[in-house]
Amino acid sequence: MMMFRRSICLMPLVLLAGLVSCKSVQDVAGVTGWTGDTSRNALDWAGTYRGVLPCASCPGIETVIHLNSDHTYRIETTYQDEGPDVFSETGRFEWNKQGNRITLMGVDVSFAPVSYAVGENHIRQLDKEGSVITGALADKYVLPKVSDIEEKYWKLIELEGNTLSYDAHWHKEPHLVFRSFDQRVLGSSGCNSFFGSYALKEGRQVVFSALGATKMACGGHSIEKALFELLDGLLDYEVVDDQLVLNKAGKQLARFELVWLY
């Protein structure tokens, strides 16, 4: 039977009168509380994390985990080379007493792991016993934090001051997606699908480049022309209440709304 010990502060009695406090060291089981800095209270942990986790039966599992400040989560997984299906779960997560690990509540362990260690701009998947995975593949279990605009579906709802509503001529609703693992932007103008590259800059700026599109006839589709002209060069961006706003020189050019597809 494994025993856990707490540290004991040993010092001559003459010093005890001047002792202010003596912190106990946490044990593995988390019996004692930690009063110093923790991942929970010292890190900006809320956000989106993405990576490709090892898979026994496929090349990898594309995993996106959204951790919200209200302690709710959303996890999306895609098995590479096994079709385009995206599996998703939502719920609440809990912190351990040490404030350095979280558990996704309500997730079936056959669907996805449930425990993660929280670090600076990353989370690390733990094994079924809640221990850190070691060995040659250890680094593969780390999910880096991505920008708050990446790995999300942004539906275009306003362009150049004009509110958009569904058009029967649209083949798809206008939208865009920032794909973090290869810095590609993908989307639809409502007529043609488009693709290109993007880079995030300091000061919440994004620069678009090498934009291309399919060549379907759009019948003078005015939204497409304006959208493609917008997605060219450097823009400022901000995210407010699940909406993405693109600005240039202080002028709002477009507004997008976050949509969960699964």
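Residues numbered from 1 in each chain as written. Predicted model: local features only at pLDDT ≥ 70, side-chain atom pairs only at ≥ 80, totals over all residues. Heavy atoms only, no water.

**What about the sheet that holds strand β1 (residues 47–53)?**
For step 1, the next point in the chain: With antiparallel pairing, the 8 strands of this closed barrel are ordered in space as β1-β2-β3-β4-β5-β6-β7-β8. Sheet twist, expressed as the average angle between the axes of neighbouring strands with direction ignored, equals 30 degrees.
For step 2, the next point in the chain: Looking at chain direction, strand β4 (residues 87–95) and strand β5 (residues 101–104) are connected through 3 bridges and run antiparallel. The residue of β5 that forms the bridge with Trp95 is Ile102. (Pairing = 2+ DSSP bridges. Helix = DSSP H or I, 4+ residues; strand = E, 2+ residues; numbered from the N terminus. Axes fitted to C-alpha atoms, helices over the stretch in contact; angles between N-to-C directions.)

**Structural notes on the nonpolar core**
For step 1, the next point in the chain: By size, the foremost hydrophobic cluster in this structure holds 25 residues, and its most contacted members are Leu176, Phe178, Leu230, Leu244 and Leu246.
For step 2, the next point in the chain: If you list the elements that add at least two residues to this core, you get β9 (153–159), β11 (175–179), β13 (193–201), β14 (205–213), α3 (222–230), β15 (233–240), β16 (243–248) and β17 (251–259).
For step 3, the next point in the chain: In this structure, Leu176 is in contact with Lys152, Tyr153, Trp154, Val185, Leu186, Gly187, Phe194, Leu231, Leu244 and Phe256, ignoring residues within four places of it in sequence.
For step 4, the next point in the chain: Counting 17 residues, the second largest nonpolar core, distinct from the first, contains Ile65, Ile102, Tyr116 and Leu143. (Core = buried A, V, L, I, M, F, W, Y, C linked by side-chain atoms within 4.5 Å. Buried < 20%, exposed > 50% of the residue type's maximum accessible area, 1.4 Å probe, protein only. Contact = heavy atoms within 4.5 Å.)

**Looking at the pairing of strand β6 (residues 115–119)**
For step 1, the next point in the chain: Within β6, 5 of the 5 residues are buried, which leaves the element mostly enclosed by the surrounding structure.
For step 2, the next point in the chain: The alternating pattern of β6 places Ser115, Ala117 and Gly119 and Tyr116 and Val118 on opposite faces, both of which are buried.
For step 3, the next point in the chain: Where β5 lies against β6, 3 bridges are found, and the strand directions are antiparallel. From the neighbouring strand, Arg101 faces β6, where its bridge partner is Ala117.
For step 4, the next point in the chain: As defined by bridge partners, β6 adjoins strand β7 (residues 122–125) across 4 bridges and the pair is classed as antiparallel. Within β7, the position partnered with Gly119 by the bridge is His122.

**Some remarks on the pattern of salt bridges**
For step 1, the next point in the chain: Taken as a whole and judged by the stated rule, the model has 9 salt bridges.
For step 2, the next point in the chain: Of the charged contacts, one joins Arg74 and Glu76 as a salt bridge, the two residues approaching to 3.1 Å between their closest N and O atoms. Glu76 matches Arg74 in its accessibility class, with the two residues each being buried.
For step 3, the next point in the chain: A salt bridge links Lys225 to Glu229, with the shortest nitrogen-to-oxygen separation between them at 2.7 Å. Placement of both Lys225 and Glu229 in helix α3 is noted, with a separation of 4 residues, approximately one turn of the helix.
For step 4, the next point in the chain: For Lys225, a relative accessible area of 54% translates into the label exposed.
For step 5, the next point in the chain: Connected through shared salt-bridge partners, Arg50, Glu62 and Glu151 make up one network. (Salt bridge = Lys/Arg side-chain N within 4 Å of Asp/Glu carboxyl O.)

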